[in-house]
Amino acid sequence: MLHIILYAIVPIFVVMAAGYISGKKGIFTGADAKKFNKVVLDYALPAALFVSIAGASREMLIHDIKLSLISLVVIMACFMLVYYIYKLCFKQNTGADAAIMALVSGSPTIGFLGFAVLEPIFGTNAYVALVVAIVGIVVNAVGIPVGLSLLNASNESKTATVGKKQSAWKPVIHALEQPVAWAPILAVIWVIAGIPWPEWASPSFDLIKGANASMAVFAAGITLSAVKITINWQAVLGAILKLVVMPLAVLVVGIMFHMTPENLKMLVVACALPPAFSGIIIASEYDTYVATSTSSLALSVILFMGMCPLWLWITDIALKMY
């Protein structure tokens, strides 16, 4: 546990604190954070996902079909649970507010922190990359399009504009056009096709993929510095849904369907990650529910230091019992 805290969690807080201080001092602004996030989402993370998955084998992908299905079903079930809780239980909230919280507390920040947390705990290997990629595909290629569709639908009904409505498939197509979505899909196709990945090609990706975790965490610190943090009941509930409900659901379903212990532990930790930073980016762009969603993110990041080792311990106990 001490190793996990020192090598996987403390570095996140140190880099995030550096970004936060830089933002407070005016060295960087919220606009700069968006640019840093764009570098991560469009270049560093896709490179990391592609080269890591391309080095896997076809047998490994077939073996992880169960992981893919459980990730899709559980994460999206939690996503919709968050949406309906915030839409139906809080009368002052609109459908757009609920969609933002689903994008935040219904999605783990796998793209930004996946490698930064999982590799120090489980090592640098293709299995870690596959977990990051599979959860990343669910979050980016399924969750974000669904969240944007709900957000746009709410905004359209609120404005009640006359004219042709936007196609429900447009957010889906837009999401799949992003490198963070199509890069891992392309890598999976590459592996299924049985094309060997040349070792000499990996160094060309290593330099940019190395900026993935550090730049993402630094940008998150800048984002937090740009928004006033107000801890209220809705922010606390978001943290509970993200850090407790989602990993618990994954653990229960994973045990029920006999996932391999290593995959289950990685998936539980992946789903226990803080809320998705991409949701905060979308909230800022739409100017919707920014304060509460960002406050929930900040609270979750702080609590994650204790929740990460706790979920590893709980998973170990559950695996021994069953």
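What counts, and at which threshold
Residues numbered from 1 in each chain as written. Predicted model: local features only at pLDDT ≥ 70, side-chain atom pairs only at ≥ 80, totals over all residues. Heavy atoms only, no water. pLDDT = per-residue confidence, 0-100. Helix = DSSP H or I, 4+ residues; strand = E, 2+ residues; numbered from the N terminus. Disulfide = S-S within 2.5 Å. Buried < 20%, exposed > 50% of the residue type's maximum accessible area, 1.4 Å probe, protein only. Axes fitted to C-alpha atoms, helices over the stretch in contact; angles between N-to-C directions. Parallel < 35°, antiparallel > 145°, perpendicular 65-115°, else oblique. Left-handed = near helix turned anticlockwise from the far one by under 90°. Contact = heavy atoms within 4.5 Å. Polar contact = N/O pair within 3.5 Å; in protein donor to acceptor, adjacent residues only side chain to side chain. Phe/Tyr/Trp six-rings, centres within 6.5 Å; stacked < 30°, edge-to-face > 60°. Salt bridge = Lys/Arg side-chain N within 4 Å of Asp/Glu carboxyl O.

With 92% of its residues at a pLDDT of 70 or more, the protein chain shows a mean pLDDT of 84. Mean pLDDT in the protein chain bottoms out at helix α8 (residues 170–176), which sits at 65, and peaks at helix α12 (residues 233–256), which reaches 95.

On to the state of the cysteines, then. Each disulfide consists of one covalent bond between the sulfur atoms belonging to two cysteines. Using the criterion set out here, one finds zero disulfides in the structure. Of all cysteine sulfurs in the structure, the one in Cys 271 sits closest to Cys 78, which takes part in no disulfide; the separation is 7.5 Å. Its relative accessible area of 8% is what places Cys 78 among the buried residues.

What follows deals with the packing of helix α14 (residues 277–286) against helix α15 (residues 290–321). In helix packing, the relevant descriptors are the interaxial angle and the interaxial distance, both defined with respect to the helix axes. The contact between α14 and α15 brings their axes to 10 Å, and the two run at 165°. Compared by their axis directions, α14 and α15 come out roughly antiparallel. Regarding α14 and α15, the two cross each other, and that crossing is left-handed. Contacts from Phe 277, Ile 280, Ala 283 and Ser 284 of α14 reach α15 at Val 290, Ser 293, Thr 294 and Leu 297.

In this structure, His 258 is a non-glycine residue whose phi angle is positive, near 55°. Mapped onto the fold, His 258 is located in the loop between α12 and α13 (261–271). Residue classification places His 258 among the exposed positions, given a relative accessible area of 64%. Phi at Tyr 289 takes a positive value of approximately 55°, unusual for a residue other than glycine. With respect to the secondary-structure elements, Tyr 289 resides in the loop between α14 and α15. Given the relative accessible area of 15%, Tyr 289 is considered buried.

If you trace the backbone, Ser 296 turns up in helix α15. For Ser 296, the side chain forms a polar contact with the main-chain nitrogen of Ala 239, separated by 3.3 Å. Not counting residues up to four positions away in its chain, the partners in contact with Ser 296 are Met 101, Ser 105, Ala 235, Gly 238, Ala 239 and Pro 275.

Scanning the entire structure with this criterion turns up ten aromatic pairs. Between Phe 28 and Phe 36, the aromatic rings sit 5.4 Å apart at their centres with planes inclined by 70°, giving edge-to-face as the arrangement. Overall, Phe 28 belongs to the partly exposed group, its relative accessible area being 27%. Measuring from ring centre to ring centre gives 5.8 Å for Phe 50 and Phe 205, while their planes differ by 25°; the resulting arrangement is stacked. With Phe 50 in helix α2 (residues 30–54) and Phe 205 in helix α10 (residues 203–209), this pair connects stretches of sequence that are 155 residues apart. Exposure remark for Phe 50: the relative accessible area of 11% places this residue in the buried category. In this structure an aromatic cluster arises from ring pairing among Phe 50, Trp 190, Trp 197 and Phe 205.

With that out of the way, let us pick up the pattern of salt bridges. A complete count under the given rule lists three salt bridges for this structure. When the shortest N-O distance is used, the salt bridge between Asp 206 and Lys 209 registers 3.5 Å. One end of the pair, Asp 206, and the other, Lys 209, are both in helix α10, three residues apart, so they sit about a helical turn from each other. On the accessibility criterion, Lys 209 (27% relative accessible area) is partly exposed. Between Asp 316 and Lys 265 there is a salt bridge, with the nearest N and O atoms lying 3.1 Å from each other. Taken together, the positions of Asp 316 in helix α15 and Lys 265 in helix α13 put the pair 51 residues apart, joining distant regions of the chain. Overall, the relative accessible area of 29% leaves Asp 316 in the partly exposed class. You can call Lys 265 buried: its relative accessible area is 18%.

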